[in-house]
Amino acid sequence: MTDVWGDQRATRRQLTLDIIGAVLFGLVMLAIHVSLGVGAAVATVLLAFALGVRRVSWQVMSLFAFAGAVSQVLGSDIAYLANAAYAVSFFALGSHRDARVRRFGLAAAGVAVAGAATYGLLRGAGDVGGFTGWATAIGLGSIAAVFVFGGWVAGYLRWQRRQTVQARVDAQLEVVERRRVTELYDIEQERRRIAADMHDVVAHSWAVVAAQSDGARYALQDNPAGAERALEVIGETARTAITDLRTIVAQLRDPALQPSTPGYAQQAELIDRMRASGMDLEVIETGARDESPLIALTAHRLLGESLTNALKHGDLSAPVRVAVDWTDGYRLNVTNQVNGSATGEPSGGHGLIGMAERTTVAGGTFCAGREGDQWIVSAHVPGSPS
């Protein structure tokens, strides 16, 4: 939460104005009340000091204000006009940000009114039991109530207005912060998506190119037609990769561009490339495909990364089996043979992390790992609502 009122410490300009105002108040009121007696004059000076330090310390202000009241009681001289300073002092207490100070001010106001009424009853009129004494007590108490309670209530209303402004500012800041966090989350998700796309394109393309180039080199002498076909696959793969990379770079430059969404047609091209790379691929697909773009994209990326890992790290002397089941959402199961010396997950597992993230985004589950001499990838994505 940002405090729009800061720490409420007075600035040098405010302190200067307070001191000048207190001096002027003291001089004017002293000229008016000095003829009433020493008690009124001393009270005027003390109240002027209270006004001068009200922004510095509410404790010192309260001490001077209390001393001013005591001097009037002891001297039996009431500084009527100078007592207006109590309104300013209690305003400072009522508007204070600390609830304890505000409660102190309210209690002090009650004590001040009671004290003024008692003073008027006992000493102001000299007639405790008569009508005059009670009238004086009510009069002094009422005047005191106007000054102290009026000042405290005005200060309290100011504090409430500040709280309203603070609540409004906090609400606006919360909206801004929530928007900022949402934008950061979206940016992070977009960054992860682009990184996953980049990995899928580069890893798959270079795996195919490497396999085809090795095949072309071995077949160049004995099987020129096979070598030519391998070079064609390399060219097609390179052109497809360049197109995909251009799309990704364009999205980096302009986030407003819609991301590419390869789907089932690209899966067929992927399977053809893998078979052309020498992979004995067995594909079994059951059920009707879900036409959701998200599921189509997820299915393409999961299959592509699974087959790429099989091409790079698997034993291609055994067939790679792909089972796709659409009867309960999208279920993918890819099984390939691995060499006996192969351990752990392929190449640091960055592709596996991307596969898991893609499946999670689509609301599904993913697992991959070695079981004996086989590497098994399993994924399930719930079907889109009808």
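What comes next is a walk through the structure. (Residues numbered from 1 in each chain as written. Predicted model: local features only at pLDDT ≥ 70, side-chain atom pairs only at ≥ 80, totals over all residues. Heavy atoms only, no water.)

## Here we look at the overall build of the protein chain
- A count of helices and strands for the protein chain gives ten helices and five strands.
- A burial count over the protein chain gives 37% of its 386 residues as buried.
- Across the protein chain, the fraction of contacts at a sequence separation of at least 24, relative to all contacts at a separation of at least 6, is 69%.
- For the protein chain, the accessible area works out to roughly 21300 Å², and carbon and sulfur atoms hold 62% of it. (Helix = DSSP H or I, 4+ residues; strand = E, 2+ residues; numbered from the N terminus. Buried < 20%, exposed > 50% of the residue type's maximum accessible area, 1.4 Å probe, protein only. Contact = heavy atoms within 4.5 Å. Areas by Shrake-Rupley, 256 points an atom, 1.4 Å probe, with all protein chains shown as cover.)

## Some remarks on the nonpolar core
- In terms of nonpolar packing, the biggest core is built from 32 residues, with Leu307 and Tyr330 touching the most fellow members.
- Taken together, the elements giving at least two residues each to this core come down to α6 (131–222), α8 (264–276), α9 (293–313), β2 (320–325), β3 (330–337), α10 (350–361) and β5 (374–381).
- It is α9 that provides the largest number of residues to this core, a total of eight residues.
- The residues contacting leucine 307, other than those within four sequence positions of it, are Leu270, Met274, Met279, Leu281, Val320, Val322 and Val334. (Core = buried A, V, L, I, M, F, W, Y, C linked by side-chain atoms within 4.5 Å.)

## Some details on the packing of aromatic side chains
- Counted by the stated rule, this structure contains five aromatic pairs.
- Taking the centre distance of 5.4 Å and the plane angle of 15 degrees together, the rings of phenylalanine 49 and phenylalanine 64 count as stacked. Note that phenylalanine 49 is positioned in helix α2 (residues 38–52) and phenylalanine 64 in helix α3 (residues 58–75), a separation of 15 residues in sequence.
- Overall, phenylalanine 64 belongs to the partly exposed group, its relative accessible area being 24%. (Phe/Tyr/Trp six-rings, centres within 6.5 Å; stacked < 30°, edge-to-face > 60°.)

## Regarding a nonpolar patch on the surface
- Where nonpolar side chains cluster on the molecular surface, the patch consists of Phe66, Val70, Val73 and Leu74 and spans about 380 Å² of accessible area.
- The residue valine 70 is located in helix α3 in this model.
- Of the residues examined, valine 70 reaches a relative accessible area of 30% and is grouped as partly exposed. (Patch = residues over 30% accessible without salt bridge, like charges linked within 9 Å, V, L, I, M, F, W, Y side chains within 5 Å. Salt bridge = Lys/Arg side-chain N within 4 Å of Asp/Glu carboxyl O.)

## Some remarks on α8
- Taking 1.5 Å of rise per residue, the 13 residues of α8 would be expected to cover 18 Å, and the 19 Å separating its terminal C-alpha atoms lies within 8% of that figure.
- Directly beyond the C-terminal end of α8, a positive phi value near 100 degrees is found at glycine 278. (Expected span 1.5 Å × (residues − 1).)

## What to know about the packing of α2 against helix α4 (residues 85–94)
- Packing of α2 against α4 brings their axes to within 10 Å, and their N-to-C directions diverge by 30 degrees. Classified by the angle between their axes, α2 and α4 sit roughly parallel to one another. Between α2 and α4 lies a crossing of left-handed hand. On α4, the residues that touch Leu47, Ala50 and Leu51 of α2 are Ala85, Tyr86, Val88 and Ser89.
- Grouping the constituent residues of the contact of α2 with α4 by class yields six nonpolar, one polar and no charged. (Axes fitted to C-alpha atoms, helices over the stretch in contact; angles between N-to-C directions. Parallel < 35°, antiparallel > 145°, perpendicular 65-115°, else oblique. Left-handed = near helix turned anticlockwise from the far one by under 90°. Nonpolar A, V, L, I, M, F, W, Y, C, P; charged D, E, K, R; others polar.)

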